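Take a look at the letters that make up each chain.
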Amino acid sequence: MDYIWSDRKRTLFGLPLSFTKYCLTEDRLFIEKGFLNKSEDEVRLYRILDLTLNRSFGQRIFGVGTIHCYSADKSMNEFDILSVKRSKDVKEMLSGLVEKQRDLKHVTNREFMSYDEEESSEE
C-alpha cells in the first residue's frame, strides 16, 4: 500500500515515542494503536465532514499540532490525529484529499439553515 503521509503521535519534546501511528492514502486514513495488543481504525476520506487544527503553546514550541476530525463514519464519529509534525500542512493535504474523494464519489454535504418564524414576522 502506498502511503502519501505517515507519522506517529509525538510525546515529550515532539519525539515519536508512542505506539500510535497514522497513515494516509489517496482514499483512506488509518490509525493504528498499541504495542502488544494492536487495533487499527480506518476512515474513508469522503466521510470526513470537517477538520479543525489545535495547537497549544507547548505544541507550537515543539512544532506539532492536533487535527480534530468530524466524520459521518459510525464507529469514528469524532477523532483526533494527535501531536503530529507539520500539522498545518497535514491538515491542508487531508482537506484537499477529502474534497477530491467527495468529488469522485459525488458526495454532497447538505447544510441546514435554521429559520426562525419570530424573526421573519418582525420584519
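Remember, it's a predicted structure, so these values are computed and weren't measured experimentally.

Chemist: Residues and numbers for the packing of aromatic side chains, please.
Modeler: Counted according to the given criterion, the structure contains 3 aromatic pairs. Seen from their ring centres, F19 and F35 are 4.8 Å apart, and the 40° between their planes marks the pair as tilted. With F19 in the loop between β1 (5-8) and β2 (20-24) and F35 in the loop between β3 (28-33) and β4 (39-44), the pair connects residues that are 16 residues apart, well separated along the chain. Using a relative accessible area of 55% as the deciding quantity, one classes F35 as exposed.

Chemist: Go over the sheet that holds β4 with me, naming the residues and quoting the values.
Modeler: Pairing is antiparallel in the open sheet, where 4 strands are placed in the order β1-β2-β3-β4. The open sheet has two edge strands with one neighbour each: β1 and β4. Going from strand to strand, the sheet's axes swing by 15° on average, the running direction of each strand aside. Note: β1 against β2, 4 bridges, orientation antiparallel. Bridge pairing in β2 places R8 opposite K21.

Chemist: Residue-level account of the environment of V64, with values.
Modeler: Considering the arrangement of structural elements, one finds V64 in strand β6 (residues 64-71). The residues touching V64, leaving out its near neighbours within four places in the chain, are R10, G14, R55, Q59, S83, V84, K85 and S87.

Chemist: Lay out helix α2 (residues 87-104) with the relevant residues and their values.
Modeler: Taking 1.5 Å per residue, 18 residues should reach 26 Å; α2 reaches 25 Å between its end C-alpha atoms and fits that length. Every buried residue of α2 is accounted for by S87, V90, K91, L94, L97, V98, Q101 and R102. Along the axis of α2, the buried positions cluster into a sector of 135°, meaning they face one direction only. Exposed and facing more than 90 degrees away from the buried side of α2 are K88, D103 and L104. Of the surrounding secondary structure, the elements contacted by the buried residues of α2 are β1, β2, β5 (48-54), β6 and β7 (78-85). Looking one or two places after α2, you find H106, whose phi comes out positive at around 55°.

Parameters at a glance
Residues numbered from 1 in each chain as written. Predicted model: local features only at pLDDT ≥ 70, side-chain atom pairs only at ≥ 80, totals over all residues. Heavy atoms only, no water. Phe/Tyr/Trp six-rings, centres within 6.5 Å; stacked < 30°, edge-to-face > 60°. Helix = DSSP H or I, 4+ residues; strand = E, 2+ residues; numbered from the N terminus. Buried < 20%, exposed > 50% of the residue type's maximum accessible area, 1.4 Å probe, protein only. Pairing = 2+ DSSP bridges. Axes fitted to C-alpha atoms, helices over the stretch in contact; angles between N-to-C directions. Contact = heavy atoms within 4.5 Å. Expected span 1.5 Å × (residues − 1). Arc of directions from axis to C-beta.

Remember that the coordinates give geometry; whether it matters functionally is a separate question.
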